[in-house]
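Commentary on secondary and tertiary structure
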Amino acid sequence: MIVMTKDTMQIVREQDVVPFRNRVREFAAKIGMSLVNQTKLITAASELVRNMLKYASGGKVILEIISKSAQTGVRLTFVDEGPGISDIKQAMQDGFSTGRSLGLGLPGAKRLVNEFDIQSTPGTGTTVTIIHWKHGR
Amino acid sequence: MNITANLLQKQKKRILEIWMQNQLADSALRDDLMTNDELLKQSEELIDALARAVKSGNIDNIFAAEFDQITEILSDVSITRARQGFSPRETGMYVLSLKRAISTVMEDEYKDQPEVLYKEITTINNLLDQLSIITFETFIKSREEVILRQTDEISEISTPVIRVWEGILALPIIGTLDSARTQVVMENLLQEIVNTGSNIAILDISGVPAVDSLVAQHLIKTVSATRLMGAECIISGIRAEIAQTIVHLGIDLSNIKTKASLASALQLAFSMSSVEVRKINKNTGAGLIR
């Protein structure tokens, strides 16, 4: 896997969400992603970044354009140092929320992108990595 | 440090003179924004306050009580300058040019004692550097206040409720729908429903760039609140890519009436309130039939 473009953004306030989404859009448009795929990626990114703000009061996101066996895509890594998730399986269920929201953020984001990975240690933080390929479904 | 304190008091006139010269010599001085007399008064006050503060012996902690007066003067200077339209460079130069003035006077005074000169200049430099940071902080803060005020104004003006027909309201939402925005939208909409006695409201989200679960939740809340008021709510402007995203996210909007465009939402609203819109028949001249 080759990383072609890399950028890091700090997310600390709700006002950071819009510029971040625009940056993701830029990355997706750069590799020629279709509008539907762009919207899917941006929405997933928006869900994850909101989670980060709500539960970990912010963190950072690494944006990358990656290339692997003739495919190009955007990889986003969300890193926070929040309380962590004790039961990932439960958090990935539709409708489960500890914050009185719809409980669709994590499972929804997983359905929206091609590759989804979540690592969390309670007390240390959470890292979510998503990849969406240019010709993703 | 008392050396500096004494020097500041003794040489106040000279420092002030050199400082004023420095400020006036700066080609970027905005005498259009501020008179020289004002500048002189401001500068004199600051040197007085500085001399008093340094005399107290505290030169490291600018947050101590001795420095209250200085920080107050500096904040005042930056805030007024930010409002008057000075650039950050001009505001920063104000304190930094004082540093140059004091250094010049010290150089003359301690020509024969390089060690004392070095020590005193270093301490006064550190102090004034910290003070110049204060001017920057307050300058940026007052600019940020302006931005915050504008944000509030934008959210106010960008949520108009339009009466498109008797009993039908339309509310075009433009921009991101966050919690604060939803509150404004909901309040405006519910108030307008009361004022006009409307029973159908169309929420148009063509101008919302991304619909994630939070935005959807806000929309659902708005629709529920409208229903509690006895009005029906139609959401229009759902673009193809947004429809697909909503499905993948797993958001259930099935018990909300949704339409792709405002036109079709209006049509639905017409049929719900038994209004028919027809083309004019030129021969009879009849227009809209209700």
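Just so it is clear, the structure is predicted and the values come from calculations on it, not from any experiment. (Residues numbered from 1 in each chain as written. Chains lettered and ligands numbered in written order. Predicted model: local features only at pLDDT ≥ 70, side-chain atom pairs only at ≥ 80, totals over all residues.)

The next subject is the confidence of the model for chain A. Across chain A, pLDDT averages 90, with 99% of residues at or above 70. Between the elements of chain A, mean pLDDT differs from a low of 89, seen in strand 1 (residues 2–11) of chain A, to a high of 94, seen in strand 5 (residues 125–133) of chain A. (pLDDT = per-residue confidence, 0-100. Helix = DSSP H or I, 4+ residues; strand = E, 2+ residues; numbered from the N terminus.)

Looking now at helix 4 (residues 105–112) of chain A. The element helix 4 of chain A is extensively covered by neighbouring structure, given that six of its eight residues are classed as buried. Those residues of helix 4 of chain A that fall on the buried side of the exposure criterion are Gly105(A), Leu106(A), Pro107(A), Gly108(A), Ala109(A) and Leu112(A). Buried residues along helix 4 of chain A sit in contact with helix 2 (35–56), helix 3 (88–91), strand 4 (115–121) and strand 5 of chain A together with helix 8 (213–228) and helix 9 (240–249) of chain B. (Buried ≥ 20, exposed ≤ 12 C-beta atoms within 10 Å, placed from the backbone. Contact = placed C-beta atoms within 7 Å.)

The pLDDT averaged across chain B works out to 83; a share of 92% of its residues lies at or above 70. Taken over the whole predicted complex, pTM reads 0.65, whereas the ipTM for its chain interfaces reads 0.78.

Residue and element names in this part refer to chain A. As defined by bridge partners, strand 4 adjoins strand 5 across seven bridges and the pair is classed as antiparallel. Of the residues in strand 5, the one forming a bridge with Phe116 is Ile130. The turn joining strand 4 and strand 5, which pair antiparallel and follow one another in sequence, is formed by three residues; a positive phi near 90° is taken by Gly123. (Pairing = 2+ DSSP bridges.)

Soluble globular proteins tend to bury their nonpolar side chains together. Among the nonpolar cores identified, the biggest contains 65 residues, and Val24(A), Val49(A), Leu171(B), Ala201(B), Ile202(B) and Leu203(B) are the most heavily contacted of them. At seven residues, the largest contribution of residues to this core is made by helix 2 of chain A. Excluding residues within four positions of it along the chain, Leu171(B) makes contact with Thr159(B), Val161(B), Val185(B), Leu189(B), Ala201(B), Ile202(B), Leu203(B) and Asp204(B). (Core = buried A, V, L, I, M, F, W, Y, C linked by C-beta atoms within 7 Å.)

This next bit is on the sheet that holds strand 3 (residues 200–207) of chain B. All names here are of chain B. With respect to topology, five strands assemble into an open sheet ordered 1-2-3-4-5, the strand pairing being mixed. Lying at the two open borders of the sheet, with one neighbouring strand each, are strand 1 (162–165) and strand 5 (257–258). Of the strand pairs in this sheet, strand 1 and strand 2 (residues 168–174) are connected by three bridges, and their pairing is antiparallel. Residue pairing across strands places Ile162 opposite Ala170, the latter belonging to strand 2. Contacts between helix 7 (residues 179–196) and the sheet are confined to strand 1, strand 2 and strand 3, with strand 2 contributing the most and set at about 165° to the helix. Helix 8 contacts strand 3 and strand 4 (232–236) of the sheet and is inclined by roughly 150° relative to strand 4. (Axes fitted to C-alpha atoms, helices over the stretch in contact; angles between N-to-C directions.)

With that out of the way, let us pick up the sheet that holds strand 4 of chain A. Backbone hydrogen bonds hold the strands of a sheet together, and the pairing may be parallel or antiparallel. All names here are of chain A. Read across the open sheet, the five strands follow the order 1-2-3-5-4; overall the sheet is antiparallel. Across the chains shown, the open sheet's two edge strands, defined by having one partner strand only, are strand 1 and strand 4. When the angles between neighbouring strand axes are averaged without regard to direction, this sheet yields 15°. Note that strand 2 (residues 59–68) and strand 3 (residues 71–80) share ten bridges and pair antiparallel. Within strand 3, the position partnered with Ile65 by the bridge is Val74. Sheet contacts for helix 1 (residues 17–30): strand 1, strand 2 and strand 3; angle to strand 2, the most-contacted strand, approximately 5°.

Time to look at unusual backbone geometry. Residues and elements named next belong to chain A. Positive phi outside glycine occurs at Ser57, with the angle close to 40°. Along the chain, the position of Ser57 falls in the loop between helix 2 and strand 2. Judged by local crowding, Ser57 falls into the partly exposed class, with 14 C-beta atoms found within 10 Å. Positive phi, normally seen in glycine, also occurs at Ser69, with a value near 35°. Relative to the assigned elements, Ser69 resides in the loop between strand 2 and strand 3.

Right, let's talk about the environment of Gly73(A) for a bit. Residues and elements named next belong to chain A. Here Gly73 is to be found in strand 3. For the pair Gly73 and Lys134, spaced 61 residues apart in sequence, the C-alpha to C-alpha distance is 5.2 Å. Gly73 has contacts with Ile66, Ile131, His132, Trp133 and Lys134, leaving out every residue within four places of it along the chain.

For the rest of this paragraph, the subject is the interface of chain B and chain A. Taken together, the contacts link 16 residues of chain B with 21 residues of chain A. When residues in the side of chain B that touches chain A are grouped by element, the largest group, six residues, is from helix 9 of chain B.

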